[in-house]
Amino acid sequence: MTRETAAPEPGRDFIRDIIDRDIAAGRNSEVVTRFPPEPNGYLHIGHAKAICLNFGVAQEYGGRCHLRFDDTNPVKEEQEYIDAIKRDVRWLGFDWGTHLHYASDYFERLYDWAEHLINAGRAYVDDLPAEEMRMMRGTLTEPGRNSPYRDRSIAENLDLFRRMREGEFPNGARVLRAKIDMAAGNINLRDPVLYRILHAEHPRTGAKWCIYPTYDFAHGQSDAIEGVSHSLCTLEFEDHRPLYDWLIENLPVPSRPRQYEFARLNLNFTVLSKRFLTQLVSQGRVSGWDDPRMPTLAALRRRGVPPAAIRDFVRSVGVARANSTVDIAMFEHAIREALNRIAQRRMAVLRPLRILIDNYPPGVSEELEAVNNPEDPACGRRRIPFGRELYIEQDDFIEDPPKGFYRLSPGREVRLRYGYFVTCRDAVKNAAGEITDLICTYDPATRGGNAPDGRKVRATLHWVSAAHAARAEIRLYDPLFNRPDPGAAGDFFADLNPNSLDVLTESRLEPALADAVVGEAVQFERQGYFCADLDSAPNHLVFNRTVGLRDSWAKARGGAG
RNA sequence: UGGGGCGUAGCCAAGUGGUAAGGCAGCGGAUUUUGAUUCCGCCAUACGGAGGUUCGAAUCCUCCCGCCCCAGCCA
């Protein structure tokens, strides 16, 4: 739906270079990737990068991408998250076809492979309590020490491991460890835990298991089972690659996947830590995972961000190996770019100031024609009621205007968009000296917005007819944090922006907006892109501001908007 | 003082020995019935630093500096 815009170039990066080489070298007959979320929270914009990369690459190379839940830790995972993740990936525009998988689908095979390792003398059951195991692991600069249980016989290991599975032991009593090298510089190779005892209900396998494979033992093997050719993950797993490879090499797996790491996405003024986002939700600092201020896909959707904007943004950011923090302005740019093309224009007055057209006949109204979207003539036109009493934006009138301000002020003439030229004759004030109304006159000859005598005005204002306007609540959002690097001073919560949500309750909309479809983007002229919120009802309209329009006037006068 | 990575403009990011793409932001200007959009122009003698190799180095070598990740029975 993006008009004639040429298909966006896929974007080149080191991952695609690697795939090109692998194909040229005949290493892979097909490209198979996977997006492997753990269902312990909602997907956010950072995940979008991984999703677009994995699904995008598969599409470009005519391969496939699986959606695989990495559900190996039942104490943190929930069905609600599984459902939400599927919904969000689909919404982002990707299709896993028949390839919806779960690491838990492979628990039986993984178990067999664990015994295989035991039989090969490459894994053992360790009785060390977690605390002691930690102490014996050594430090970053000192090697670890072998567990006293490291040299148990294969038979004893097998017996113990089977009894672990049978549920004979309590949580934490024993683990299965790979026998690699306690002196390895890479700590992941110091006899990593492969299985732990967890008497917990699993969202999918229920009570069938009481031992669960760790990420390291499940991930690579799942890749191999599914025939994944390129297992793409973020940088922090780089140190795990030697273990990933060790397991693949020591197990009778059906294929040879390879892991490649890329830098995760970071955004300024934003936190993309599942742990922290979970706290925001559980502590009620936001209304939920889909609170429009959240960086989650569910929240972006509710806020009105189209999936195409997220895809374009992710593509513009690129894929590399250097840690980086992208300016949130780049994301906003992608949103505006997408919305400018598709959003129909409407007029809405956020903070109303009533004006009376003194020389306009009372009790009369007329309809004026407006363009729905100047970027897309196919969107047609609509009629807007005009009358003697109107609302304009409070910001569009200043009694004593500063230099550079060319909107309305006493004695000045401006255009009401698609309407008439009006001149302000007087500002009516209340006892407190606040302006309550403006008295204006209009020029009947300027109907539609042009003066036959060629007279020009400097400004065009949006407006709404008081007699026909719909009332609405409008929610304006600002970043959740008031510093670009939240948490840098030690406490994320201390950096929360207390003004991240501004609720306007007196806003007035042109009548057509009463029929706005929830979630559908619309541009409020001169203001920004908005959409009706989930909370909106016919008798109580609620709109979210997705993103504001660029505002060089606000910028020129120093920010405050 | 262990292991693994990464340093190209304010922010992302191409570049893989032949003389620094592109985007965002910013700054000028044109058009404009949205101070929007669109359009035009400007914005790294310079690639973390210092040496070296070479006719030629962001790209190769050496040393140095800085930043990130790893000591979960989380992923």
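What you are looking at is a predicted structure, and each value in this text was computed from that prediction instead of being measured.

**Examining the confidence of the model for chain A**
The pLDDT averaged across chain A works out to 96; a share of 97% of its residues lies at or above 70. Long-range and interchain partners of residues 1–8, a stretch whose pLDDT sits below 50, account for four contacts in this model, where long-range means more than four residues apart. Interface confidence for the predicted complex, expressed as ipTM, amounts to 0.97; the pTM equals 0.96.

**With respect to the nonpolar core**
Of all hydrophobic cores here, the largest spans 50 residues; its most connected members are Ile45, Ile51, Val89, Leu297, Ile310 and Phe313. The set of elements that each furnish at least two residues to this core consists of α1 (14–24), α2 (45–60), β2 (64–69), α3 (79–92), β9 (258–262), α10 (297–303), α11 (307–317) and α12 (328–342). Top element by residues in this core is α2. It accounts for nine residues. In this structure Leu297 touches Leu43, His44, Ile45, Ala48, Ile51, Asp88, Trp91, Leu92 and Ile310, once residues within four positions along its chain are discounted.

**Concerning helix α8 (residues 241–250)**
Most of α8 sits inside the fold, with seven of its ten residues counted as buried. Turning to α8, its buried residues are Leu243, Tyr244, Asp245, Trp246, Leu247, Ile248 and Asn250. Elements that come into contact with the buried residues of α8 comprise α4 (107–119), β5 (175–178), α7 (215–226), β8 (230–234) and β9.

**Digging into the protein's contact with RNA strand B**
Around RNA strand B, the surrounding shell holds 67 residues, and the nearest of these are Met330, Arg407, Arg417, Gly448 and Gln523. Within 4 Å of the protein, the contacting atoms of RNA strand B are drawn from sugar and phosphate to the extent of 63%. Here a phosphate oxygen of RNA strand B sits 2.9 Å away from a polar atom, N or O, in the main chain of Thr325. The contact in question runs from a sugar or linking oxygen of RNA strand B to an N or O atom on the side chain of Asn340, over 3.0 Å. Secondary-structure elements contributing two or more residues to the surface near RNA strand B are α5 (130–136), β6 (193–197), α12 and α13 (552–556). At four residues, the largest contribution of residues to the surface near RNA strand B is made by α12.

**Structural notes on the pairing of strand β25 (residues 541–548)**
The element β25 is extensively covered by neighbouring structure, given that eight of its eight residues are classed as buried. Alignment of strand β21 (residues 470–477) against β25, held across four bridges, turns out to be parallel. When the bridges of β25 are listed, Arg475 appears paired with Asn544. As defined by bridge partners, strand β24 (residues 528–532) adjoins β25 across five bridges and the pair is classed as antiparallel. In the strand pairing of β25, Phe530 is matched with Arg545.

**Here we look at the sheet that holds strand β15 (residues 389–393)**
The mixed open sheet is built from seven strands, whose spatial order is β19-β16-β17-β18-β12-β15-β20. Sheet topology places β19 (460–461) and β20 (463–465) at the edges, where each strand pairs with a single neighbour. Sheet topology note: the strand β16 (residues 413–416)/strand β17 (residues 421–429) ladder contains three bridges and is antiparallel. Following the sheet pairing, Glu413 is matched in β17 by Thr423.

**Here's the deal with the sheet that holds β25**
If you trace the seven strands from one edge of the open sheet to the other, you get β10-β23-β24-β25-β21-β22-β11, paired in mixed fashion. Looking at the sheet topology across the chains shown, the edges are occupied by β10 (344–346) and β11 (348–349). Running over the sheet, α12 touches β10, β24 and β25 and is turned about 120 degrees from β25.

**Details of the domain arrangement of chain A**
Accessible area lost on assembly of the parts is the figure often given for the size of an interface. Per the domain assignment, the segments of chain A are domain 1 (110–214), domain 2 (267–346 + 471–561) and domain 3 (348–462). For domain 1 versus domain 2, the distance between C-alpha centres works out to 46 Å.

**Here's the deal with the packing of aromatic side chains**
Going through the model one piece at a time under the given rule, you end up with 24 aromatic pairs. With 5.3 Å between their ring centres and 20 degrees between their planes, Phe69 and Tyr102 make a pair best called stacked. Here the residue Phe69 occupies a position in strand β2, and Tyr102 occupies one in strand β3 (residues 100–102), the gap between them amounting to 33 residues. You'll find Phe69 and Tyr102 in the same group, each marked buried. The interplanar angle of 55 degrees and the centroid separation of 5.5 Å between the aromatic rings of Phe524 and Phe543 together place this pair among those described as tilted. Taken together, the residues Phe524 in strand β23 (residues 522–524) and Phe543 in strand β25 connect sequence positions 19 residues apart. For the pair shown, Phe524 and Phe543 are each scored as buried. Put simply, the rings of Phe107, Tyr111, Phe161, Tyr195, Trp209, Tyr212 and Phe217 pair up and form one aromatic cluster. The lysine or arginine in question, Arg165, covers the ring of Tyr111, its NZ or CZ lying 4.5 Å from the ring centre.

**Looking at the pattern of salt bridges**
In this structure the tally under the stated criterion is 52 salt bridges. Residue Arg315 pairs with Asp312 through a salt bridge whose shortest N-O separation is 2.9 Å. You can see Arg315 and its partner Asp312 sitting in helix α11, three residues apart, about one turn around the helix. Under the relative-accessibility criterion, Arg315 is labelled partly exposed at 34%. The partner of Glu413 in a salt bridge is Arg455, and the shortest N-O contact between them spans 2.7 Å. You can see Glu413 sitting in strand β16 and its partner Arg455 sitting in the loop between β18 (435–443) and β19, a full 42 residues away along the chain. Several salt bridges share partner residues, and in doing so they unite Asp290, Arg302, Glu473, Arg475, Asp533 and Asp535 into one network.

Cut-off values and rules
- Residues numbered from 1 in each chain as written.
- Chains lettered and ligands numbered in written order.
- Predicted model: local features only at pLDDT ≥ 70, side-chain atom pairs only at ≥ 80, totals over all residues.
- Heavy atoms only, no water.
- pLDDT = per-residue confidence, 0-100.
- Contact = heavy atoms within 4.5 Å.
- Core = buried A, V, L, I, M, F, W, Y, C linked by side-chain atoms within 4.5 Å.
- Buried < 20%, exposed > 50% of the residue type's maximum accessible area, 1.4 Å probe, protein only.
- Helix = DSSP H or I, 4+ residues; strand = E, 2+ residues; numbered from the N terminus.
- Near = heavy atom within 4 Å.
- Polar contact = N/O pair within 3.5 Å; in protein donor to acceptor, adjacent residues only side chain to side chain.
- Pairing = 2+ DSSP bridges.
- Axes fitted to C-alpha atoms, helices over the stretch in contact; angles between N-to-C directions.
- Domains from an automatic or database assignment.
- Phe/Tyr/Trp six-rings, centres within 6.5 Å; stacked < 30°, edge-to-face > 60°.
- Lys NZ or Arg CZ within 6 Å of the ring centre and 35° of its normal.
- Salt bridge = Lys/Arg side-chain N within 4 Å of Asp/Glu carboxyl O.

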